[in-house]
Structures are given as C-alpha cells and as structure tokens.
Amino acid sequence: MENKILEIEKEAVEALQTLKDSKDLEEFKNKYLSRNCELTNIKKCLKDLPVEERPKIGALANKVFQELEAKANEKGEEFYKVELDKKLAKEKIDITLPGTYLPYGKVHPLTSTINEVTEIFQHLGFSVISNENSPEVETEYFNFDMLNVPKEHPARDVQDTFYCKNASNVVLRSQTSGAQIHAMKDKKPPIRIISPGRVYRNENISARKNNLFHQIEGLYVDKNVTFAHLKGVLNEFTRLYFGASRPMRFRSSFFPFTEPSVEIDVQCIMCGGKGCATCSGTGWLEILGAGMVDPNVLEGVGIDSNVYSGFAFGMGVERLTMLKYAIDDIRLFFNNDIRFLKQF
Ligand code: PHE
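Throughout what follows, the structure given in this document is the object of discussion. In this text, all values refer to a predicted model and were calculated from it rather than measured experimentally. (Residues numbered from 1 in each chain as written. Predicted model: local features only at pLDDT ≥ 70, side-chain atom pairs only at ≥ 80, totals over all residues. Heavy atoms only, no water.)

Concerning the environment of I330
Which entries qualify depends on this criterion: Numbering goes from the N terminus for both helices and strands, where a helix is a DSSP run of H or I of at least four residues and a strand is a run of E of at least two. Using a 1.4 Å probe on the protein chains alone, a residue whose accessible area is under 20% of its type maximum counts as buried, one over 50% counts as exposed, and one in between counts as partly exposed. Two residues qualify as a contact provided that any one of their heavy atoms is within 4.5 Å of a heavy atom in the partner residue.
Positionally, I330 belongs in the loop between α10 (317-325) and α11 (338-341). Take I330: its relative accessible area is 5%, and that puts it in the buried class. Spatially, the C-alpha atom of I330 lies 25 Å from that of F121, the residues being 209 residues apart in sequence. Contacts of I330, omitting those with residues within four sequence positions, involve S206, A207, R208, K209, N210, E318 and M322.

Overview of the pairing of strand β7 (residues 258-267)
To keep it simple, the criterion reads: Here, a strand pair is defined by DSSP locating no fewer than two bridges between the strands.
Of all 10 residues that make up β7, seven are buried, and the element is covered over most of its length. Counting the residues that bridge the hairpin from strand β6 (residues 248-255) to β7 gives two residues. Across eight bridges, β7 lies against strand β8 (residues 284-293) in antiparallel orientation. Bridge assignment links V262 to a residue of β8, and that residue is A290.

Notes on the packing of aromatic side chains
Heads up, the condition is: To pair, rings of Phe, Tyr and Trp, with the six-membered ring standing in for Trp, must have centres within 6.5 Å; the planes then decide the type, stacked if under 30 degrees apart, edge-to-face if over 60, and tilted in the middle. Distance and angle both matter: a charge sits over a ring if NZ of Lys or CZ of Arg is within 6 Å of the ring centre and within 35 degrees of the ring normal.
Scanning the entire structure with this criterion turns up 15 aromatic pairs. Ring geometry for F121 versus F126: centroids 5.3 Å apart, planes at 80°, classification edge-to-face. Ring centres of F237 and Y241 lie 5.9 Å apart, and the angle between their planes is 15°; on these two criteria the pair is classed as stacked. Of this pair, F237 and Y241 both sit in helix α8 (residues 227-242), four residues apart, which is roughly one turn of the helix. Look at F237 and you get buried, because its relative accessible area is 0%. Among the aromatic residues, those joined into a cluster by ring pairs are F121, F126, Y220, F237, Y241, F242, F311 and F313. Here K43 stacks its cationic end above the ring of F65, 4.4 Å away from the centre of that ring.

Structural notes on the site of the ligand
Short version of the rule: Near residues are defined by distance, with any heavy atom within 4 Å of the molecule or strand qualifying the residue. Polar contact criterion, stated in full: a pair of N or O atoms within 3.5 Å, where within protein one must be able to donate a hydrogen and the other to accept it, and residues adjacent in sequence count only if both atoms are side-chain atoms. Using a 1.4 Å probe, the Shrake-Rupley method yields the accessible areas, and only the shown protein chains count as cover for residues. Gly is placed with the polar residues, together with every amino acid not listed as nonpolar (Ala, Val, Leu, Ile, Met, Phe, Trp, Tyr, Cys and Pro) or charged (Asp, Glu, Lys and Arg).
With respect to spatial proximity, 14 residues lie near the ligand, and among them Q175, S177, R201, Q215 and G314 are the closest. Separating a nitrogen atom of the ligand from a side-chain N or O atom of S177 is a distance of 2.9 Å. One of the side-chain N or O atoms of Q215 is found 2.9 Å from an oxygen atom in the ligand. Starting from 330 Å² of accessible surface for the ligand in isolation, the protein chains cover 90%. Contributions of two or more residues to the shell around the ligand are made by β5 (212-223), β8 and β9 (308-316). At three residues, β9 tops the list of elements feeding residues into the shell around the ligand. Its residues assigned to classes, the shell around the ligand comprises five nonpolar, seven polar and two charged.

Dropping the structure here:
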C-alpha cells in the first residue's frame, strides 16, 4: 500500500511538470486531488487494513495529498499570473485617449424666448392656448373678418398674405390674433390667455423680414378691464423681459380690432438710442401692438360689450429675441447654423 502511494506521488509530480495552463491543472486536480481520486480512495479503504498499519498509511496518504495540493496551488498561481498578463495585454485600454465628444443639444433661441415670455404671463395669471385651438392654416373668417379687418384692407392683399390655391378663403395666418376669436368662441369671460405660434407673410426676405416668423398673442376679457390694466400688464412684462433699466415707451397706433390702440417700443440695443441703421435712425424699435378690444369684435363673438371689456396684444418673438441679444439679422434664426445656435 505504501508503495502504491509513493508510486502515485511520483506519477503526479511528473505529471505536474508537464502542465501548461490552468486547463491542464484542472484535469490534474480531477485526477489526483478530487473526491474519487486514487489517494482519496485509499484513505476511504483504510478500515480494510490491519489496525497497526492504518496510522502509518493514513498519515502518508494525507502527507502526499497535502504536498500535491500545495504544489498544484503554486502552479495555479503561476498560471493565473501568466494568463492574466496575457489577457490584459490583449484587452489593453488606453485610458489617456480622449473620449468621444458628444455635442449637447440646445433650445433654439426663439423657443427659449417663447418659454420665457410664457412664464412671465403665467405668473401674471394668463394661461396658454396651443396651436390645436388656434391653427396656422386658418380661414379668412378668423384671420380677418372676425377681427374687424375690412374687406378692402391692404393686409388682405395676396401681396401680404398667403392664400390657399384651391380654397380662396383659406390662408396661412398672417397674425396670431385669430387666437383671440377662437378663445372667445371657446369659452366665456373671464378670459386670460396667451397663444404663441408661427405666422406667415408674403414678404421679400431681408435682414429685417422673413416670410415665416413667430408671434405671441394675448387677450384679457372681463368686467371692468380698462386701459390702465393694459398699461400695467405690458409695463410689467417689458420690465421683466428686458430689465427695469431698458427705456420703453407707449406710442399711439391703429389696429382694426382694438380701439384705442398702442404700440410699445424699447430702446434700440444696437445704438443705445442714438439712432442707427437697425432702428432707422429713431433710437427705438417696436416690439408689440396692443389695444382695448374693439366692441365690434366682442359683439361678433356674442360677448356683450356693455358688460365686458378687454385688452389684447401681439408681440413679435424674433423682435424680442433680436432686441435682447443684439442680433441684427432675422435670417440667422432660420439657417440652423450651429455657430450661431450654440451661443445661446
Ligand atoms: N396682430 C397685430 C400685428 O400682427 C398685433 C396686435 C395684436 C395688435 C393684438 C393689437 C392687438 O401687428
């Protein structure tokens, strides 16, 4: 029995020398160090030996087993190191390489102006009506008729307004003011809404004019709404949007759907009021039109103008943005030039 153990040991030690990697080692362990390897089996059969031989054989089997195990573990560590080095060399990552640049998207400056203005008016108690309730493709009825715009008014001319070829009473809205009519037809006063969106005009495109631009319409109808409310709200808006130090003025004006009507100018940002090409030498630039809703308009949608009154306003989003950031060409908003857009 003793010889048998020594023989196994000899064979195992020799086998150990021939191992090349951890896979070989695994096989080796199965053969010499597992639960049914020869050495284990010998230990299991000790009880069949004469009593006096048992301790000696048992001790020898244990010793050989432990020595083989220690040697196998040593080999294991050796293989692990070599194999890890190989793996690392193969999967090497250069952590000093710069990462891939992922450019951030940004909110378009016109969108951020709309968001900013919307927020200001929401704070003042106005709610927003969306395009669904006041579409861009509009009928003359909403864009002109109900707004008291006479049939022969020059704004209705095809030179100013885009008409649909197949339906002569359908237009691309030339102003967001139709939203006033939709709002008053959809709900009863008190009404306090703003409505931002695109408008279209048949313009020659230049630094000042594009045939697509954006407006934000506003409307407030209730009992006892006066011109003082109009002034208060629009003063507050201008103060919040441009800052208190920016000079602004009300200037009387005319719109078919408001009476009296005003326009608000703010001081030209390009020249600081001295007069330049951008402001045509006046030092001022118009940002919005406004006025008390004409009684005719109220009556047209079935609101009693003896009981209710209101004010409306409409502002140009491009203008507001150009005057805040000193942008001198409206076309920049529509060219999608990253060098321009990423400044915001
Ligand atoms: N719709 C007018 C325009 O486009 C602006 C406006 C709106 C004026 C509401 C008065 C009241 O110029």
